[in-house]
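Structural overview
Spelled out from the first residue to the last, the chains are:
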Amino acid sequence: MASFQTLPGFREFYPDALARRNHLFRLWRQTAHTFGFAEYDAPVLEPLELYKTKSGDEIEGQLFSFTDKGGREVALRPEMTPTVCRLVGERANALKRPIKWFSIAEFYRYERMQKGRGRCFFQFNADIFGEPGIEAETELIALLAQNLCAFGLTEQDFYIRLSDRNLWFFFLEALGFDDARSRSLLTAVDRFEKLGDDAFKPDAEQYGALEPSKQAQILAFLGIRSLSALEAQVSSLGGDKLRARLDDWRRLLRNLEAMGLSRLVEVDLGVVRGLAYYTGFVFEAFDRKGELRALAGGGRYDNLVGKLGYAELPAVGFAIGDMTFALLLEQRGLMPNLVQAPDVYVVIGGPAERLAAFGDIQALRAAGYRVDYPMKELAFGKQFKAAAESGAKLALIYGTDELAKGVVKVRDLGERSEREVPAAQLLAEVRAFFTGGA
Ligand code: HAM
């Protein structure tokens, strides 16, 4: 065996795997266009500084980073969000608002490998800049849902958990915690699902143990799973900020209901998102069975453009990863069989027939048909076998007799019927066959 192997966590895409990947990208792209999002792209390699403190400790610890030959500290991008903020920040005045952009790109994180997690993966990112209200969340949650439903997934397969970091901060403030402690507690909340009570240990080590009554209140808040439970909690705490925020919640949920998305979206304050920059509503998509890691995640991040040194600009966005998503489609039998069959296979006699066939092959390909033929001279029997195996619907036969008569024999490989067509009418004949007019 040769000694060069793919690096751990990196993937090769043989043609069948690439066909599946392209299938995801094609539908994601199509869906984003139907929502009026414009596509952009950006560099894979970025200044390391772009991610330091901006993305949060977890991502910072997972960077593929190095010093380039010019002495610059650089990193392979682990996510798109800081980059897209820079792109928008640079041209903020010239761009028509709201700015609705999407991208499909590859990212790199040095993570522990597990099912659905690799060290390189693709994400579909969609972000809206310049819209401070819940209208942006409405649009993005709708796009996220449609990006999954477009593949045939339904509410039985996935759901979107909706939460709110603003609400968490207001709540923790009402409990008497300052900003630094609140952030530390939110980290604990983020890890609670995975670690249970242990998630609070680092906070206790830094700030001292939580009063049991406060921990109980935090756990009760984390357990909220409906608007009515949220309303009950908030009314017991009071406070204008909390009340106003509850109004945003009602409007957002009403919008989503009007879009027919209530069955997909669930209130779930257990989600707070690990990334450092989120400021408001946050959401994550999961498979219903709870077998896979997150399919997608996102939220509002109103301060990041400003933190990068540009004029402040409100923003909301999300990303879907390709790995868990493909696993889910496969589990549900929703990954189509993507064999790349030619439309037409050309069976050729000797050298003179080959030259005659070449002209037609070029013309058919130029007209958009997928045409294949044997590179080398082969016995007719072998060529017919190859034609059948290729999955083509039509075979075109160029033999000595056909050439002498100025015709091409057109064989319908499904019906197993054939007829002779004057060479000059071949393109029209093929076209008629594929548009159902033959
Ligand atoms: P994230 O939650 O880090 O958010 O990633 C979003 C999705 O990317 C995850 O739900 C998962 O499907 C996929 N993903 C992340 N890491 C890996 C990995 N190591 N292997 C495979 N898939 C992975 C963000 O990246 C934010 N920048 C999203 C965003 C856009 N927020 C606002 N705009």
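Residues numbered from 1 in each chain as written. Predicted model: local features only at pLDDT ≥ 70, side-chain atom pairs only at ≥ 80, totals over all residues. Heavy atoms only, no water.

Before going further, it helps to spend a moment on the site of the ligand. The local shell around the ligand holds 27 residues, among which E79, T81, E111, D127 and Y278 are the closest. Residue Q123 places a side-chain N or O atom 3.0 Å away from an oxygen atom belonging to the ligand. In the complex, 96% of the free accessible area of the ligand, which totals 660 Å², lies under the protein chains. Mapped by element, the contributors of at least two residues to the shell around the ligand are β6 (120–129), β10 (296–300), β11 (315–321) and α12 (322–331). When the residues that make up the shell around the ligand are grouped by side-chain class, the tally is eleven nonpolar, ten polar and six charged. (Near = heavy atom within 4 Å. Polar contact = N/O pair within 3.5 Å; in protein donor to acceptor, adjacent residues only side chain to side chain. Areas by Shrake-Rupley, 256 points an atom, 1.4 Å probe, with all protein chains shown as cover. Helix = DSSP H or I, 4+ residues; strand = E, 2+ residues; numbered from the N terminus. Nonpolar A, V, L, I, M, F, W, Y, C, P; charged D, E, K, R; others polar.)

This part takes up the sheet that holds strand β7 (residues 158–164). The pairing of strands in a sheet happens through backbone hydrogen bonds and is either parallel or antiparallel. Taken together, eight strands build an open sheet; the order of strands is β1-β5-β6-β11-β10-β9-β7-β8 and the sheet is mixed. For this open sheet the edge positions go to β1 (38–39) and β8 (265–267), each flanked by a neighbour on one side alone. Across five bridges, β10 lies against β11 in antiparallel orientation. Directly across from G297, in β11, lies its bridge partner A319. Helix α5 (residues 165–174) contacts β7 and β9 (281–287) of the sheet and is inclined by roughly 40° relative to β7. (Pairing = 2+ DSSP bridges. Contact = heavy atoms within 4.5 Å. Axes fitted to C-alpha atoms, helices over the stretch in contact; angles between N-to-C directions.)

Attention now moves to the packing of helix α1 (residues 15–34) against helix α4 (residues 134–149). Where α1 contacts α4, the two axes come as close as 9 Å, and the packing angle between them is 145°. In this structure, α1 meets α4 at a crossing whose hand is right-handed. Between α1, through L27, W28, T31 and A32, and α4, the contact on the second element is made entirely by L143, Q146 and N147. When its residues are assigned to classes, the contact of α1 with α4 shows four nonpolar, three polar and no charged. (Left-handed = near helix turned anticlockwise from the far one by under 90°.)

This part is about the side chain of K214. Topologically, K214 is positioned in helix α8 (residues 212–222). One buried charged side chain, K214, makes no salt bridge at all; its nearest oppositely charged neighbour is E211, positioned 4.2 Å away. Here K214 is in contact with L175 and F177, once residues within four sequence places are set aside. (Buried < 20%, exposed > 50% of the residue type's maximum accessible area, 1.4 Å probe, protein only. Lys, Arg positive; Asp, Glu negative; His and termini not counted. Salt bridge = Lys/Arg side-chain N within 4 Å of Asp/Glu carboxyl O.)

So, on to the packing of α1 against α12. In a pair of packed helices, the angle between the axes and the distance between the axes together describe the arrangement. Between α1 and α12, the least distance of the axes is 11 Å, while the angle of their chain directions is 100°. The angle between α1 and α12 falls in the class roughly perpendicular. Contact residues: R20, L24 and W28 in α1; D322, F325, A326, L329 and E330 in α12. For the contact of α1 with α12, the per-class residue count stands at five nonpolar, no polar and three charged. (Parallel < 35°, antiparallel > 145°, perpendicular 65-115°, else oblique.)

What follows covers the domain arrangement of the protein chain. Taken as a whole, the protein chain is organised into domain 1 (15–331) and domain 2 (344–435). Taking only C-alpha atoms, the centre of domain 1 and the centre of domain 2 are 53 Å apart. (Domains from an automatic or database assignment.)

On any regular strand, side chains alternate: one points to one face of the sheet, the next to the other face. Along β7, seven of the seven residues are buried, which leaves the element largely enclosed by surrounding structure. Neither face of β7 is exposed, since F158, I160, L162 and D164 on one face and Y159, R161 and S163 on the opposite face are all buried. Note that β7 and β9 share seven bridges and pair antiparallel. Of the residues in β9, the one forming a bridge with Y159 is F286. Sheet analysis places β7 next to β8, joined by three bridges and oriented parallel. Looking across to β8, one finds that I160 is bridged to V265.

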